[in-house]
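# Reading the structure
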Amino acid sequence: MTLSRRHLLQAAGGLGLAGFGSGALAQAGGLKISHQFPSGSLTEGDFRDRLCRRFAAEVEKRSNGALKASVYPGSSLMKTNAQFSAMRKGALDMSLVPLSYAGGEVPETNIGLMPALVPSYEQGAQWKNADVGKRLAKVLDDKGVIIVSWIWQAGGVACRTRPLVTPDDAKGLKVRGGSREMDLMFKQAGASVISLPSNEIYAAMQTGAMEAAMTSSTSFISFKLEEIAKYLTTGRNKTYWFMLEPLMISKEIFGKLPKAQQDLIMAVGAELEGFAREAAQADDRLAAEIYAKAGAKVFDIDAKVLGLWQAIARDTAWKDFGAKNESCAGLLAAAQKLL
């Protein structure tokens, strides 16, 4: 006799496996987690890869093996910029990806890399439960994506030709900002902007197609830009570059899982936020050490310089974002309440 999937599910229910067990049948092969960052292990390497691996290990452990997850680093499962759209369609289960990469598809997501809007890890951590976080989560939910872990990272700028610290330093430089809004601020400061994912920065800087790149401290380390860059402005003190880089899950995939597994995913995701914050701050310090050791000149931003960048951002990026639609205006106003 051939057993159908319906028969198997009925049998599972009869054995009392309607919680975690039925999810194993519904989610054959386990969840696939994609990201663009270098591969490591549970304890070594890029912390974003480690976070994904910790997530996978923990959900399998707590579900007694009923819910498994596999990690695909280095854009090995799909191209970097395809991940968000694939999650929306249910073609990708999970991804840890800079939220602003979806800006062309969902304009509200550009608030995840809005220059000088988030000045500290403490303020970034407030977003999740504040009005701005609830608004952003609703936008994403409506688009078919759910945030599992809220991850903020500070960043800085690496340059191969001269230091980029103040707005005056940007004049004439070919710069990668990382988001439309960051690019607007740099254009106003006199830079030429380049748009590409962080895992393509090395090649672009090596060929001279780009002179300076803004990215997270962790990416500065993982992509080994100290081999090319001669100057680093860090994110360890003050910075106008804070990025929301969450671990997300497809709403379609999430909705097919039993309630027990849904609760487990969200619980583990929340617990990993503390790990992410500590690791990101450690990388802010480590990036400065690595670049100095490689011979680069290292600079920090103080409150005065941050204020100069914020003034430009307010008149360019913030203004442009708020004018896009009512939703963007509401998000910006809610975020400004935390300043």
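An account of the accompanying structure is given in this report. Being a predicted model, the structure only gives us computed values, none of them experimental.

A separate point is the environment of Leu 31. Within the secondary structure, Leu 31 sits in strand β1 (residues 31-34). With relative accessibility at 0%, the residue Leu 31 sits in the buried group. A sequence separation of 39 residues divides Leu 31 from Ser 70, and the C-alpha atoms of the two residues are 6.2 Å apart. For Leu 31, the residues in contact, after removing those within four places along its chain, are Leu 67, Lys 68, Ala 69, Ser 70, Asp 93, Met 94, Ile 253 and Ile 265.

Looking along a regular strand, one sees the side chains alternate between the two faces of the sheet. Where burial is concerned, most of strand β8 (residues 212-216) is hidden: 5 out of the 5 residues are buried. Here 5 bridges tie strand β5 (residues 152-159) to β8, and the two strands are oriented antiparallel to one another. Within β8, the position partnered with Gly 156 by the bridge is Thr 215. Pairing analysis gives 2 bridges linking strand β6 (residues 174-176) to β8, with the strands arranged parallel.

As a further point, take the packing of aromatic side chains. By the definition in use, this model includes 7 aromatic pairs. Here Phe 186 and Tyr 240 contribute two aromatic rings whose centre-to-centre distance is 6.4 Å and whose plane-to-plane angle is 70°, an arrangement assigned as edge-to-face. Residue Phe 186 is located in helix α7 (residues 180-188), and its partner Tyr 240 is located in the loop between β9 (231-233) and β10 (242-244); the two are separated by 54 residues in the primary sequence. Both residues of the pair, Phe 186 and Tyr 240, count as buried.

Residues of α7 that are buried include every one of Glu 181, Met 182, Asp 183, Met 185 and Phe 186, and no others. Residues of α7 that are buried sit in contact with β6, β7 (192-194), β8 and α12 (303-322). Remark: Gly 190 follows α7 within two positions and exhibits a positive phi of approximately 105°.

Despite not being glycine, Ser 75 has its phi angle at roughly 55°, a positive value. As for its position among the elements, Ser 75 is in the loop between β2 (69-72) and α4 (83-89).

Cut-offs and rules
Residues numbered from 1 in each chain as written. Predicted model: local features only at pLDDT ≥ 70, side-chain atom pairs only at ≥ 80, totals over all residues. Heavy atoms only, no water. Helix = DSSP H or I, 4+ residues; strand = E, 2+ residues; numbered from the N terminus. Buried < 20%, exposed > 50% of the residue type's maximum accessible area, 1.4 Å probe, protein only. Contact = heavy atoms within 4.5 Å. Pairing = 2+ DSSP bridges. Phe/Tyr/Trp six-rings, centres within 6.5 Å; stacked < 30°, edge-to-face > 60°.

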